[in-house]
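A closer look at the structure
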Amino acid sequence: MSVAGSVAGRPVVAEIVRSGFVEGHHYGSVVALAADGSVDWSVGEVTAQVLPRSSNKPVQALAMVELGLDLPDDLLALACASHSGEPFHVEGVRRTLASAGLDESALQTPADYPLDDDAREAVVRAGGAKAPVLMNCSGKHAAMLATCVLQGWDTATYLDPAHPLQVAIADTFARLTGEPIDAVAVDGCGAPLLSTSLTGLARAFSVLATATDGPERRVADAIRRHPEYVSGTTRDELALHRAVPGLIGKAGAESCYAVALPDGRAWALKTDDGAARVRPVLMAEALRRSGVLEDDGVDAEAVCSTGRFELLGGGVPVGEIRAAF
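All values derive from a computational prediction rather than experimental measurement.

So, on to the packing of helix H10 (residues 236–243) against helix H11 (residues 279–289). Remark: H10 packs on H11, axes separated minimally by 11 Å, with the N-to-C direction vectors making an angle of 15 degrees. By the angle between their directions, the pair H10 and H11 is classed as roughly parallel. Note that H10 runs across H11; the crossing there is right-handed. Here H10 contributes Asp-236, Glu-237 and Leu-240 to the contact with H11, which in turn contributes Arg-279, Pro-280, Met-283 and Leu-287. In terms of residue class, the contact of H10 with H11 is built from four nonpolar, no polar and three charged.

Between helix H1 (residues 57–66) and helix H8 (residues 214–225), the shortest axis-to-axis distance is 9 Å and the interhelical angle comes to 130 degrees. Between H1 and H8, the interaxial angle falls into the category oblique. For H1 against H8, the interelement crossing comes out right-handed. Between H1, through Pro-58, Ala-61, Leu-62, Val-65 and Glu-66, and H8, the contact on the second element is made entirely by Pro-215, Glu-216, Val-219 and Ile-223. In terms of residue class, the contact of H1 with H8 is made up of seven nonpolar, no polar and two charged.

With that out of the way, let us pick up the side chain of Asp-74. Following the sequence through the fold, Asp-74 ends up in helix H2 (residues 73–79). Setting aside its immediate chain neighbours within four residues, Asp-74 contacts Arg-95, His-226 and Tyr-229.

Turning next to the packing of aromatic side chains. In this structure the tally under the stated criterion is two aromatic pairs. Its guanidinium or amino end placed over the ring of Tyr-257, Arg-279 lies 4.8 Å from that ring's centre, counting from NZ or CZ. Positioned above the aromatic ring of Trp-41, the side-chain terminus of Arg-289 is 4.1 Å from the ring centre.

Residue placement: Leu-69 occurs in the loop between H1 and H2. Take Leu-69: its relative accessible area is 6%, and that puts it in the buried class. In the structure, Leu-69 is positioned 81 residues away from Leu-150 in sequence and 7.3 Å away in space, judged by C-alpha atoms. Residue contacts for Leu-69: discarding those within four places in its chain leaves Met-64, Ala-143, Ala-146, Thr-147, Leu-150 and Arg-218.

Our focus in this paragraph is the environment of Leu-134. Summarising the element assignment, Leu-134 is placed in the loop between helix H4 (117–125) and helix H5 (138–151). A C-alpha to C-alpha distance of 35 Å links Leu-134 and Gly-314, two positions 180 residues apart in sequence.

A few words now on the pairing of strand E12 (residues 310–313). Bridge count between E12 and strand E13 (residues 316–323): four bridges; the pairing is antiparallel. Across the sheet, residue Glu-310 finds its bridge partner in E13, namely Glu-320. Taking the residues between adjacent antiparallel strands as the criterion, E12 and E13 are bridged by two residues, where Gly-314 takes a positive phi near 65 degrees.

With that out of the way, let us pick up the pattern of salt bridges. For the structure shown, the criterion picks out 23 salt bridges. Measuring nitrogen to oxygen at the nearest pair gives 3.9 Å for the salt bridge that ties Arg-203 to Glu-179. Remark: Glu-179 occurs in the loop between helix H6 (164–177) and strand E6 (184–186) and Arg-203 occurs in helix H7 (residues 198–210); sequence separation between them is 24 residues. For Glu-179, a relative accessible area of 15% corresponds to the buried category. Of the charged contacts in the structure, one is a salt bridge between Arg-235 and Glu-237, with a shortest N-O distance of 3.2 Å. Within this structure, Asp-70, Asp-73, Arg-217, Arg-218, Asp-221, Arg-224 and Arg-225 form a network of salt bridges that share partners.

Unusually for a residue other than glycine, Ser-19 sits at a positive phi of about 55 degrees. Relative to the helices and strands, Ser-19 resides in the loop between strand E2 (10–18) and strand E3 (21–33). The exposure class of Ser-19 is exposed, given its relative accessible area of 60%. Positive phi is not limited to glycine here, since Glu-254 has a value of about 60 degrees. The topology assignment puts Glu-254 in the loop between strand E9 (248–252) and strand E10 (256–260).

About the cut-offs
Residues numbered from 1 in each chain as written. Predicted model: local features only at pLDDT ≥ 70, side-chain atom pairs only at ≥ 80, totals over all residues. Heavy atoms only, no water. Axes fitted to C-alpha atoms, helices over the stretch in contact; angles between N-to-C directions. Helix = DSSP H or I, 4+ residues; strand = E, 2+ residues; numbered from the N terminus. Parallel < 35°, antiparallel > 145°, perpendicular 65-115°, else oblique. Left-handed = near helix turned anticlockwise from the far one by under 90°. Contact = heavy atoms within 4.5 Å. Nonpolar A, V, L, I, M, F, W, Y, C, P; charged D, E, K, R; others polar. Phe/Tyr/Trp six-rings, centres within 6.5 Å; stacked < 30°, edge-to-face > 60°. Lys NZ or Arg CZ within 6 Å of the ring centre and 35° of its normal. Buried < 20%, exposed > 50% of the residue type's maximum accessible area, 1.4 Å probe, protein only. Pairing = 2+ DSSP bridges. Salt bridge = Lys/Arg side-chain N within 4 Å of Asp/Glu carboxyl O.

And the structure:
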């Protein structure tokens, strides 16, 4: 049984299927850009402004590199991250801060536990508590602070949208997306959150992925060389990076996701309900629909595996979330 529909111009993009019965739906939008930057295909509303959440981070990192931030590749990848809070992530954040003569007391990320289950349990078992350095956005914040020190800017107000750092980030973001910023919100980590459309987000990732030199290439290469720093050792994003040569990608909260390849093809997606579980399902299907699984060097099975989400009944698989666009 399957029931189709749409919400506010956003169609069903995935079905929740239990024991052969469609018990629910995810509504959303997906856009795929061709190598020349044109829209190859789309589903739903892809020109309206959205808040891409942490999918913005690689572009924010680019702005910092343009301002002179010069981190080793692993720490630059961490600046793009929603990291899992594994020990090497936390150590990397501290290295970024130390390079600027700072420590974690300068961070204005909210105190949190690691995203990764094992890392979180290790902190709790050791008697640890929530801390700003463990929060998944601390790599970006550490890079922001290091950029402020480099430029001689105030570090206490680095999250103010009017701070010169955030103004520069907004300028870079608008340039790469090719769109004006309609809204500046506050992200979960407290940093300014810039709006764009899914088409603009995909365009920005395409610019990064196709760069042959300059700051854009530095950011793209950092992501490619150290994808485990951008997410974590157990994350679907890491698996996708390893399965598709040259890919750069970044997921965000509220089921946002953007991916691009060195030939210029790019994809961006978002669901209305913000369910994280459906995000990789949709991206795997988008790449399949665009023919990426047939590209040279691509591990098609690994890509498909990132898009499998089993539903359990009595502890055994009885269904799945499947793409429906």
